[in-house]
Amino acid sequence: MDVAKQQQETMKLSDANAAAYTVRPNFEEKFRSTKIQDILYSCISDVLGDKKYEQEACSEWTKTITINIRDRLKSSNMKLERYKFIVQCVIGENKGQGVKYGCRCLWDSDTDGMAEYVYLNESLFCAVATFGIFYY
């Protein structure tokens, strides 16, 4: 009896350790930018909706958007438990001007990914970029 219990406990520990030594995500666990873009769109639309540009409110809107996106990515059923997320949000007044923003990252192109979405209405624009980095 004691030997059987020890074998069961050993099997449980080996399964837990196997997950800790995974260096590549499974196919189902990879960062998919098309699925992430749906989350970005819904979070931005929930916060901004039909709001007009207000300089004082933009900092609160960016915090709310980034926290909502991060929380939805962590709680989603997309099996992204081993990923660390970076969410960048920029809100500005839309007066017909052109805007460019950039970023530079060093990552593993097999496991890490990026999704972005740009929201526009008549008075403001919102550009959100989300980075998913697989945690080894």
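Coordinates for the structure precede this section.
First things first, this report covers the structure right here in the doc. Numbering of residues starts from 1 in each chain and follows the order in which that chain's sequence is written. Two thresholds apply to this predicted model, a pLDDT of at least 70 for residue-level local features and 80 or more for giving and counting side-chain atom pairs, whereas whole-chain, interface and lining totals are computed over all residues. Only hydrogens and water are set aside; all other atoms, that is, all heavy atoms of the structure, feed into the side-chain values.

What follows covers the nonpolar core. In terms of nonpolar packing, the biggest core is built from 27 residues, with Leu-48, Ile-65, Cys-126 and Val-128 touching the most fellow members. Think of it this way: any DSSP run of H or I at least four residues long counts as a helix, any run of E at least two long counts as a strand, and we number them from the N terminus. Elements represented by at least two residues in this core include exactly helix H2 (33-48), helix H3 (55-75), strand S1 (83-93), strand S2 (113-120) and strand S3 (124-134). Contacts are residue-level and defined by heavy atoms, with any inter-residue pair within 4.5 Å sufficient. Once you skip the residues sitting within four places of it in the chain, Ile-65 turns out to touch Cys-43, Ile-44, Val-47, Leu-48, Cys-89, Ile-91, Cys-126 and Val-128. Definition of nonpolar core: a set of buried residues of the types Ala, Val, Leu, Ile, Met, Phe, Trp, Tyr and Cys, connected through side-chain atoms within 4.5 Å. For every residue, the accessible area (1.4 Å probe, protein chains only) is compared with the maximum for its type, and the residue is labelled buried under 20%, exposed over 50%, or partly exposed between those bounds.

Our focus in this paragraph is the sheet that holds S3. An order of S1-S3-S2 is seen for the 3 strands of this open sheet, with the pairing classed as antiparallel. For this open sheet the edge positions go to S1 and S2, each flanked by a neighbour on one side alone. Sheet twist, expressed as the mean angle between neighbouring strand axes with direction ignored, is 10°. Only strands that DSSP links by at least two bridges are regarded as paired with each other. As paired elements, S1 and S3 share 11 bridges and run antiparallel to each other. Looking at S3, one finds that Cys-89 is bridged to Val-128. Relative to S2, H2 is tilted by about 35°, and along the sheet it contacts S1, S2 and S3. Here an axis means a line fitted to C-alpha atoms, over the contact stretch when the element is a helix, while the angle between two N-to-C directions is reported on a 0 to 180 degree scale.

Before going further, it helps to spend a moment on the packing of H2 against H3. Put simply, H2 and H3 touch, their axes get as near as 9 Å, and they point 145° apart. Between H2 and H3 lies a crossing of right-handed hand. Contacts between H2 and H3 involve Ile-36, Ile-39, Leu-40, Ser-42, Cys-43, Ile-44, Val-47 and Leu-48 from the first element and Trp-61, Thr-64, Ile-65, Asn-68, Ile-69, Arg-72 and Leu-73 from the second. Its residues assigned to classes, the contact of H2 with H3 comprises 11 nonpolar, 3 polar and 1 charged. Helix crossings fall into two classes, left-handed where the near helix is turned counterclockwise from the far one by less than a right angle and right-handed where it is turned clockwise. Note on residue classes: Ala, Val, Leu, Ile, Met, Phe, Trp, Tyr, Cys and Pro are nonpolar, Asp, Glu, Lys and Arg are charged, and everything else, Gly too, is polar.

This part is about the pattern of salt bridges. For this analysis, a salt bridge means a side-chain nitrogen from Lys or Arg found within 4 Å of a carboxyl oxygen belonging to Asp or Glu. A complete count under the given rule lists 3 salt bridges for this structure. In this structure, Lys-52 and Glu-122 form a salt bridge, with 2.5 Å as the shortest nitrogen-oxygen distance. Of this pair, Lys-52 sits in the loop between H2 and H3 while Glu-122 sits in the loop between S2 and S3, placing them 70 residues apart in sequence. On the basis of relative accessibility, which here comes to 44%, the residue Lys-52 falls in the partly exposed class. A relative accessible area of 64% means that Glu-122 is categorised as exposed.

Right, let's get into the environment of Ile-36. Tracing the backbone shows Ile-36 in helix H2. The buried category is assigned to Ile-36, whose relative accessible area is 0%. With residues up to four places along the chain from it excluded, the contact list for Ile-36 reads Phe-31, Leu-73, Met-78, Leu-80, Ala-115 and Thr-130.

What follows is about H3. Between the first and last residue of a helix there are one fewer steps than residues, each counted as 1.5 Å, and that sum is the expected span. Spanning 21 residues, H3 covers 31 Å between terminal C-alpha atoms, matching the ideal 30 Å at 1.5 Å per step. Residues of H3 that are buried: Ala-57, Cys-58, Trp-61, Thr-62, Ile-65, Thr-66, Ile-69 and Leu-73. Along the long axis of H3, the arc covered by the buried residues comes to 165°, so they all point the same way. In this structure, H3 carries Glu-56, Lys-63, Lys-74 and Ser-75 as exposed residues pointing more than 90 degrees from its buried face. Against the buried residues of H3 lie H2, S1 and S3. Arc, as used here, means the arc of the directions from the helix axis to the C-beta atoms.

Sheet topology note: the S2/S3 ladder contains 8 bridges and is antiparallel. The partner of Gly-113 across the bridge, within S3, is Gly-132. As consecutive antiparallel partners, S2 and S3 are separated by 3 residues.

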